[in-house]
Amino acid sequence: MCQDETMVGLKTLTGKVITASGVKPTVKVISPRDNFWIYGAIEPLTGDHFLYEYPKLNGECFQQFLDWLSVQLGSDYAILQIDQAPAHTSSVISWQEFIIPLFQPPSAPELNQERKALASS
């Protein structure tokens with residue numbers, strides 16, 4: 001299985017402020033953002049996928065996702081390909097018996113070459 005997260009939310013709109021020439025504007029900036037994270041895992045061959053929403057991207061939420069994913073998988077084993085984000089390598093992570101982590105290397109130029117070859121064909 002492959003796993004990753006994405007943030008979904010609203011960004012504060014920016015605007016313009018009129019000032020005299022050479023005067024820097026002083027404006028109170030309020031940038032509240034309503035957002036959340038979607039954690040997901042997919043089995044590429046079958047298309048089976050598992051998605052769950054969390055308020056943050058951190059080790060605690062990732063642990064909750066792993067616990068939830070373990071329940072969804074039951075007694076099935078899964079090799080979970082993940083990147084080396086701090087949330088995935090946090091000391092609070094306790095890997096389930098049936099979920100085996102497979103960490104991607106920090107840099108994999110050979111994958112980019114394959115991707116370019118596929119795109120050009």
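Now for a look at the structure at hand. (Residues numbered from 1 in each chain as written. Predicted model: local features only at pLDDT ≥ 70, side-chain atom pairs only at ≥ 80, totals over all residues. Heavy atoms only, no water.)

**Things to note about the packing of aromatic side chains**
The geometry of two aromatic rings is summed up by the distance between their centres and the angle between their planes. Summed over all chains, the structure comprises 10 aromatic pairs. For the ring pair Y39 and Y54, a centre distance of 4.8 Å and an interplane angle of 70 degrees mean the geometry is edge-to-face. In this pair, Y39 sits in strand 2 (residues 35-42) while Y54 sits in strand 3 (residues 49-54), placing the two residues 15 residues apart along the sequence. Of the two residues, Y39 and Y54, neither departs from the other in class, the shared state being buried. Both rings, one in Y77 and one in F98, keep their centres 4.9 Å apart while their planes meet at 75 degrees; by these two values the pair is edge-to-face. With a gap of 21 residues between them, Y77 in the loop between helix 1 (59-73) and strand 4 (78-82) and F98 in the loop between strand 4 and strand 5 (99-103) connect regions that are remote in the sequence. (Phe/Tyr/Trp six-rings, centres within 6.5 Å; stacked < 30°, edge-to-face > 60°. Helix = DSSP H or I, 4+ residues; strand = E, 2+ residues; numbered from the N terminus. Buried < 20%, exposed > 50% of the residue type's maximum accessible area, 1.4 Å probe, protein only.)

**Some details on the nonpolar core**
Counting residues in hydrophobic clusters, the biggest one holds 17 residues, and the most contacted among them are M1, Y39, F62, F65, L69, L73 and L80. Among the secondary structure elements, those contributing two or more residues to this core are strand 2, strand 3, helix 1 and strand 4. The element contributing the most residues to this core is helix 1, with 6 residues. (Core = buried A, V, L, I, M, F, W, Y, C linked by side-chain atoms within 4.5 Å.)

**Considering the environment of S90**
As for its placement among the helices and strands, S90 is situated in the loop between strand 4 and strand 5. When the C-alpha positions of S90 and N58 are compared, they lie 8.1 Å apart, and in sequence the two are 32 residues distant.

**Some words on helix 1**
Along an α-helix, residues three or four apart share an orientation, since each turn contains 3.6 residues. With 15 residues, helix 1 should cover 21 Å at 1.5 Å per step; its first-to-last C-alpha distance of 21 Å lies within 8% of that length. Here helix 1 has its buried residues at G59, C61, F62, Q63, F65, L66, L69, S70 and L73. The inward-facing, buried residues of helix 1 abut strand 1 (2-9), strand 2, strand 3, strand 4 and strand 5. A side-chain oxygen of the first residue of helix 1 lies 3.3 Å from the backbone nitrogen of E60; this N-cap is N58. Two residues or fewer past helix 1, G74 is found with a positive phi of approximately 65 degrees. (Expected span 1.5 Å × (residues − 1). Contact = heavy atoms within 4.5 Å. Polar contact = N/O pair within 3.5 Å; in protein donor to acceptor, adjacent residues only side chain to side chain.)

**A word on the environment of Y52**
Within the element layout of this structure, Y52 appears in strand 3. Using a relative accessible area of 39% as the deciding quantity, one classes Y52 as partly exposed. For the pair Y52 and A41, spaced 11 residues apart in sequence, the C-alpha to C-alpha distance is 9.4 Å.

**A look at the environment of W95**
With respect to the secondary-structure elements, W95 resides in the loop between strand 4 and strand 5. The exposure class of W95 is partly exposed, given its relative accessible area of 26%. Sequence-wise, W95 and Q63 are 32 residues apart; in three dimensions their C-alpha atoms are separated by 8.2 Å.

**Notes on the side chain of Q63**
With respect to the helices and strands, the residue Q63 is situated in helix 1. For Q63, a relative accessible area of 12% puts it in the buried group. A polar side-chain atom of Q63 sits 2.9 Å from a polar atom in the side chain of D67. Setting aside residues up to four positions removed in sequence, Q63 forms contacts with V92, I93, S94 and Q96.

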